[in-house]
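One-letter residues, chain by chain:
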Amino acid sequence: MQYALLIYSEPTAEPLSDEATAAYMKAYQQFTEEVIAAGVMQGGEALEEVSTATTVRVRDDDVITSDGPFAETKEVLGGFYLLDCADLDEVLGWAAKIPTAKHGSVEVRPVWSVPEEYSTES
Amino acid sequence: MSTPLEREIAAVFREESGRATAALTRIFGDLDLAEEAVQEAFIVALRRWPVDGMPRVPGAWITTTARRKAIDRLRREQTFARKAHLLALDSVSAPDEEGDIDIPDDRLALLFTCCHPALPAEGQIALTLRAVGGLTTREIARAFVVPEATMAQRLTRAKAKIRRAGVPFRVPPPELLESRLQQVLRVLYLIFNEGYTGSVGTELLRDDLSREAIRLAEVLVALLPDEPEARGLLALMLLHDSRRGARVTTTGDLVPLDDQDRSLWDHDEIERGRAEIDRAITGDRVGQYQLQAAIALVHASAIMAADTDWVHIAWLYGRLSEVQPTPVVELNRAVALAMAEGPERGLLVIDRLCDDGRLDRYHLLHSARADLLRRAGRRVESAEEYRIAIGLTENERERAFLLRRLVEVTTSGS
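Residues numbered from 1 in each chain as written. Chains lettered and ligands numbered in written order. Predicted model: local features only at pLDDT ≥ 70, side-chain atom pairs only at ≥ 80, totals over all residues.

Caption draft 1: Molecular detail of the overall build of chain A. The secondary structure content of chain A amounts to 2 helices and 6 strands. Its C-alpha atoms give chain A principal-axis dimensions of roughly 50 × 35 × 20 Å. Out of the 122 residues in chain A, the part that is buried amounts to 11%. (Helix = DSSP H or I, 4+ residues; strand = E, 2+ residues; numbered from the N terminus. Buried ≥ 20, exposed ≤ 12 C-beta atoms within 10 Å, placed from the backbone.)

The following block contains the structure:
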C-alpha cells in the first residue's frame, strides 16, 4: 500500500543554530537513505515555510484565495514522504523514525486508490 | 430470541463465531466480509438446526456455511474475478460440513487487529465484542446504552479504517508484541470495568459485559498460555467479580470492601483467580495486572476485614508503584501503609503526594488524608481536609458520607 507521511511541526520562534540545523539535516538525510535502501521510498519533498502558503477554495463558483494555511493550527505541514509499505504497522515504524516526530508529529494517510470506474487509464 | 432452541443456537454462535470470523478473515483478507458471512450463517442455522438437528461439530458447520455465504457475496459483488485465486486455494482444503478438520485458531490475530492502537478506542471495544466475542450489534449497543445505529456506525468506521489504512491481520512481530498485548489487555479490562463499575444502564446488562470480558480473557489465556500478564488480568477480573453479590445493597448502594458480607463472595471464582495467579507469578515477569490481582487475592483471603494482611498489601503496592508509578497507586500504598503501620506512616506518603500537586483536584486524596488525620487525632486539620474533599466530590452518596465524618470530627468533645 502507498502511504503519505505528512510531517507537521510548530514553526520555531528563533532560527536554529548552524550546528543544530546541520544535525537536523543530517538526520533527515539518514532517514531518506534508509527508506531508499529498504525499497519503500516513492517520493517526498520538504516544503517552504508556512508563511509562503496560499489557500484556494471555490465556493459557489467563486475562487477564494487567501494567505496562509486553511486551518488555524499551531503545527504546520513542513514536508512529506510517499512510502510503499506492506501494512500500517510497517509504515508506522517508518513514521516514528522521522526526525520531526520527536518534537512535531507525523500524520500517516493511505493514498487513495482511484476506483476503476474513475480511472483514466485504459 | 424466543424458543429455548433458538437461545441455544444463539449461545453456540456466541461461543463459536469468533473462530469462524477469524478463519474467514484469514482466508478472504476482509474482516467485514467475514463478519457478514458469519451473521448469514447464523440465520441459516436458525432455519435448519431445528429441522436437521445440531451439527456434530457446530464450529466446522458455521465456518463452512459462512465461507459459502462469503463466496456468494463476492460473486454478487463481482469481485469474484479478483479474488478467485483465494477461493481456488481454499477449496482444496475445504472440509466437508460434518468434518472434524481442525480449523486453525486465528482468534489471536483477530484480537490484535480489533485492538490495534490506530483504531478509535470506542471502536476497539465494540469490534472486540462483536468480532471476537460474537455479540450482536444490538447487544453491544444495549450494554453501552447507545442507539443501535450509533453502535453500528462505530463498528463500520472501525472496520473501514482497518481495510483502508491497511491494519494487518496477524499476531504482531516480537518487537511490537509487548506494547500491542498491553493494548489488548487494556481493552479487555475496559470492557470488564464498564460492566463492573459502569454508572449507566441496568445492572443485568452491565453484568453481561463483565462476563464477556472474563470469557475473552479466558480465550486470550488459552491462546497465550505463557503470558503472565494475560493470566494476571484474568485473575484480577475473577477476583473482582467474586465480590459481585456483596458489593451492592438491595437498594443499589455500593458497599465498601471492609463492610461487605464475605459469605456472599463467590468462593469458586476466588479459587479460580488464585489458581491463575499461582500459574502467572512463577515467572519473573511481574506486571501491573498480576500485582493488582495479588492485592485482590490478599483481600479475598481474609475471612474478616480485620484479618486483612495490610503489611503484604502495602508491600504489593510498593511493587506496583515501581511498574506503574502513578500518584493514584501511591495513594493506595499510603492507605495500606496506614493500615499496616498506623496513620502517621500513611500521612508521610500522602503529604508527599499533596506537595506533588498532580492529585490536587482528586477528592479521594483529600478524603483519604482527612481520614488518616482523624485517626491520628489531628481533628482540626482533619476537618479542614474533609471540607476540601466535600467540595470536590460529585457523588451525592459520598458527599453525604463525608459530611457525616466532618460533623463527627468537629463536634465530638473528647
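Having seen the model, we can carry on.
Caption draft 2: Structural detail: the environment of Val-57 of chain B. Residue and element names in this part refer to chain B. Positionally, Val-57 belongs in the loop between α2 (31–52) and α3 (58–76). Judged by the 18 C-beta atoms lying within 10 Å of it, Val-57 falls in the partly exposed class. Placed 294 residues apart in sequence, Val-57 and Asp-351 show a C-alpha to C-alpha distance of 62 Å.

Caption draft 3: Region of the structure containing the pairing of strand β5 (residues 76–84) of chain A. Residue and element names in this part refer to chain A. The pairing of strand β1 (residues 2–9) with β5 spans 8 bridges and is antiparallel. Across the sheet, Ala-4 pairs through a bridge with Leu-82, a residue of β5. Examined bridge by bridge, strand β2 (residues 41–46) and β5 share 5 bridges and lie antiparallel to one another. The partner of Gly-44 across the bridge, within β5, is Tyr-81. (Pairing = 2+ DSSP bridges.)

Caption draft 4: Structural context of the interface of chain B and chain A. The interface is formed by 8 residues belonging to chain B together with 5 residues belonging to chain A. Grouping the constituent residues of the side of chain B that touches chain A by class yields 6 nonpolar, 1 polar and 1 charged. (Contact = placed C-beta atoms within 7 Å. Nonpolar A, V, L, I, M, F, W, Y, C, P; charged D, E, K, R; others polar.)

Caption draft 5: How the structure looks around the domain arrangement of chain B. Residues and elements named next belong to chain B. When cut into domains, chain B gives domain 1 (4–92), domain 2 (107–224) and domain 3 (225–301). On a C-alpha basis, the centroid separation for the pair domain 2 and domain 3 is 22 Å. The interface is formed by 15 residues belonging to domain 2 together with 13 residues belonging to domain 3. Those elements that provide at least two residues to the side of domain 2 that touches domain 3 are α9 (174–197) and α10 (203–223). In terms of residue count, α10 provides more of the side of domain 2 that touches domain 3 than any other element does, 8 residues in total. (Domains from an automatic or database assignment.)

Caption draft 6: Structural view of the pairing of strand β3 (residues 54–59) of chain A. Judged by how many residues are buried, β3 of chain A sits mostly at the surface: 0 of 6 residues are covered. The turn joining β3 of chain A and strand β4 (residues 62–67) of chain A, which pair antiparallel and follow one another in sequence, is formed by 2 residues; a positive phi near 50° is taken by Asp-60 of chain A.

Caption draft 7: Structural context of the nonpolar core. Of all hydrophobic cores here, the largest spans 120 residues; its most connected members are Leu-24, Leu-188 and Ala-217 of chain B. If we skip the residues at most four places from it in the chain, Ala-217 of chain B touches Leu-188, Ala-230, Leu-233, Leu-234 and Met-237 of chain B. (Core = buried A, V, L, I, M, F, W, Y, C linked by C-beta atoms within 7 Å.)

Caption draft 8: Up close: the confidence of the model for chain A. On average, residues of chain A carry a pLDDT of 87, and 93% of them reach 70 or more. By mean pLDDT, the top-scoring element of chain A is β1 of chain A (95), and the lowest-scoring one is β4 of chain A (78). (pLDDT = per-residue confidence, 0-100.)

Caption draft 9: Examining the packing of helix α11 (residues 228–241) of chain B against helix α13 (residues 288–301) of chain B more closely. Residue and element names in this part refer to chain B. One way to put it is that α11 packs onto α13 with a least axis distance of 8 Å and a crossing angle of 35°. In this structure, the crossing between α11 and α13 has a hand that is left-handed. In contact with Pro-228, Glu-229, Gly-232, Leu-233, Ala-235, Leu-236, Leu-239 and His-240 of α11, α13 contributes Tyr-289, Gln-290, Gln-292, Ala-293, Ala-296, Leu-297 and Ala-300. Across the contact of α11 with α13, the residue classes break down as 10 nonpolar, 4 polar and 1 charged. (Axes fitted to C-alpha atoms, helices over the stretch in contact; angles between N-to-C directions. Left-handed = near helix turned anticlockwise from the far one by under 90°.)

Caption draft 10: Summary view of helix α16 (residues 343–356) of chain B. Residue and element names in this part refer to chain B. Between its terminal C-alpha atoms α16 stretches 20 Å, which fits the 20 Å expected from 14 residues at 1.5 Å a residue. Here α16 has its buried residues at Pro-343, Gly-346, Leu-347, Val-349, Ile-350 and Leu-353. Next to the buried residues of α16 lie α15 (327–341) and α17 (363–375). (Expected span 1.5 Å × (residues − 1).)

Caption draft 11: Looking closely at the sheet that holds β1 of chain A. Residue and element names in this part refer to chain A. Reading across the sheet, the 4 strands line up as β2-β5-β1-β6 and stay open at both edges, with antiparallel pairing between neighbours. Since the sheet does not close on itself, it has two edges, and those belong to β2 and β6 (105–110), each with one partner. When strand polarity is set aside, the average angle formed by the axes of neighbouring strands in this sheet is 20°. Strands in contact with helix α2 (residues 88–95) are β1, β5 and β6; relative to β6, the strand with the most contacts, it is inclined by about 155°.

Caption draft 12: Local environment of the environment of Leu-254 of chain B. Here Leu-254 of chain B is to be found in the loop between α11 and α12 (267–280). Between the alpha carbons of Leu-254 of chain B and Phe-42 of chain B there is a distance of 40 Å; along the sequence they are 212 residues apart.

Caption draft 13: Representation of helix α8 (residues 148–165) of chain B. Taking 1.5 Å of rise per residue, the 18 residues of α8 of chain B would be expected to cover 26 Å, and the 25 Å separating its terminal C-alpha atoms lies within 8% of that figure. In the core, the buried residues of α8 of chain B are packed alongside α2, α5 (107–114), α6 (121–132) and α7 (137–143) of chain B.

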